[in-house]
Number of protein chains: 2
Amino acid sequence: MGQPHTQDTVHSYRVETRIEGPKKATVETRGLEIVVDAPEKGGGTNEGPNPVEYVLGSLAGCVNVVGTMVAREMALDLEIHTIVVEGDIDVRRFTGTETDERAGYREIRVTIGIETDADSEAVGEWSRLLEERNPVLDTLRSPTPVHLAVSTD
Amino acid sequence: MGQPHTQDTVHSYRVETRIEGPKKATVETRGLEIVVDAPEKGGGTNEGPNPVEYVLGSLAGCVNVVGTMVAREMALDLEIHTIVVEGDIDVRRFTGTETDERAGYREIRVTIGIETDADSEAVGEWSRLLEERNPVLDTLRSPTPVHLAVSTD
C-alpha cells in the first residue's frame, strides 16, 4: 500500500484488530495476539495493558534487542538485567478538556541496569549505539508520519 | 522520578522488564504481562510480537478507545468494525549498515472501517477529534523526549 518495496532492506509490518468493547481490542499479527484493554475503573475489563502502556513495553523490548545485539557486535562482556520505562501524560486533551498540552507522552524515561566488566568508555559507546540504532526509540523521539483513512464500505 | 505530580491530570505509567533472551522479554505493568519476542528466523522463540509490531498494536488499541469515546460524546450512531495498521522500516540502521535512513518507522498507515448513519461532515469531525485527542498517535507523530540512563550498580 503506497510504499513500493524496491529494497530488501524495507520491512513492512501489519496488524489487524478485532474490536471487543469500548476499551478492549485484540490485535493480531502473524498469528500472535496483543490484548489491549483498560482497568475496570477506566471502563475496561483489565485483561491487558492499555495502549499507552504498550508503547512503554515496546520500547523496553527494543532496548533489550538492540542492547544485546550491540554488546555482541562490540564483543563486550555486558548483560542487561533490568529495563524500567516510565512516562507521563497530561490526559486533558484525551478527555476533551481545553488545554495547550499535547495528547501524548510529554517525557519517557528509560533506566537500564547492566552488569559488565567493560570500562566506562565502552559502555558509553554501547549506550550511544543502542540509542542510534533503536527502531522504537527513533519512532518515538523523531516525528513519524501517521496517515489515517476512514472507510464506510 | 523527576516529574512532580502537581496536577491530577498528569498520569504516570511504568513498566518493568524481565529479560529472557536476546530477543525475548516479559514486560510487566499492574500485574499484566507483555511478551515481546521475535520469529525463530530472527533469533527469537516466536512467543510474542516483536517490539515494532507492538507499536502498531498500541496505536490500533488507542484508535478504538478514542474513536469509541468521541462517537459517544458526539452522540453519533457509529461503530468501528476493523482497524488495520501498517508501517515500513528500513532496517539498515538497526542492523548497523551505513545509511542516511532513520532507524524507526518512516510511515504508518491506519485504515479504520466503520458503520454509521452519520453524514460525511459528522464523520469528518469525528475523524479530526480522533486524531487530535489520541495519546499514542500524538506520541508517534510529534517528537517525544526519551531519556536513557544506564546503571551498573
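Look above for the structure.
Residues numbered from 1 in each chain as written. Chains lettered and ligands numbered in written order. Predicted model: local features only at pLDDT ≥ 70, side-chain atom pairs only at ≥ 80, totals over all residues. Heavy atoms only, no water.

Caption draft 1: Highlighting the packing of aromatic side chains. Counted according to the given criterion, the structure contains three aromatic pairs over all chains. For the ring pair Tyr13 of chain A and Tyr105 of chain B, a centre distance of 6.2 Å and an interplane angle of 90° mean the geometry is edge-to-face. Of this pair, Tyr13 of chain A sits in strand β1 (residues 10-19) while Tyr105 of chain B is found in strand β5 (residues 105-116), placing the two residues in two different chains. Residue Tyr105 of chain B is classed as buried on the basis of its relative accessible area, which comes to 0%. (Phe/Tyr/Trp six-rings, centres within 6.5 Å; stacked < 30°, edge-to-face > 60°. Helix = DSSP H or I, 4+ residues; strand = E, 2+ residues; numbered from the N terminus. Buried < 20%, exposed > 50% of the residue type's maximum accessible area, 1.4 Å probe, protein only.)

Caption draft 2: Expanded view of the interface of chain B and chain A. With 109 residues of chain B in contact, the opposing surface of chain A contributes 109 residues. Where chain B packs against chain A, one counts eight salt bridges. Arg14 of chain B serves as the salt-bridge partner of Glu86 of chain A, at 3.1 Å between the closest nitrogen and oxygen. There are 64 residue pairs in polar contact (both at pLDDT 80 or more) connecting chain B and chain A. (Contact = heavy atoms within 4.5 Å. Salt bridge = Lys/Arg side-chain N within 4 Å of Asp/Glu carboxyl O. Polar contact = N/O pair within 3.5 Å; in protein donor to acceptor, adjacent residues only side chain to side chain.)

Caption draft 3: Inspection of the relation of the copies chain B and chain A at higher detail. The operation relating chain B to chain A is a screw motion whose rotation component is 180°, with 0.0 Å of axial translation and a residual RMSD of 0.0 Å. Taken together, the turn and the small shift mark the pair as related by a two-fold rotation axis. The share of interface residues of chain B whose copies in chain A are also at the interface is 100%, consistent with both copies meeting through the same surface. (Least-squares fit on C-alpha atoms with pLDDT ≥ 70 in both.)

Caption draft 4: Fine view of the nonpolar core. Counting 81 residues, the largest nonpolar core has Leu59 and Trp126 of chain A together with Leu59, Val110 and Trp126 of chain B as its most contacted members. Leaving out residues up to four positions away in the same chain, Leu59 of chain B has contacts with Val146 of chain A together with Val85, Ile108, Val110, Asn134, Val136, Leu137 and Leu140 of chain B. (Core = buried A, V, L, I, M, F, W, Y, C linked by side-chain atoms within 4.5 Å.)

Caption draft 5: Spotlight on a negative patch on the surface. A cluster of acidic residues, Asp77, Glu79, Glu115 and Asp117 of chain A, forms a negative patch at the surface. Following the sequence through the fold, Asp77 of chain A ends up in the loop between α1 (51-73) and β4 (78-90). (Patch = residues over 30% accessible without salt bridge, like charges linked within 9 Å, V, L, I, M, F, W, Y side chains within 5 Å. Areas by Shrake-Rupley, 256 points an atom, 1.4 Å probe, with all protein chains shown as cover. Lys, Arg positive; Asp, Glu negative; His and termini not counted. Charge placed at Lys NZ, Arg CZ, Asp CG, Glu CD.)

That is the geometry; function is a separate question.
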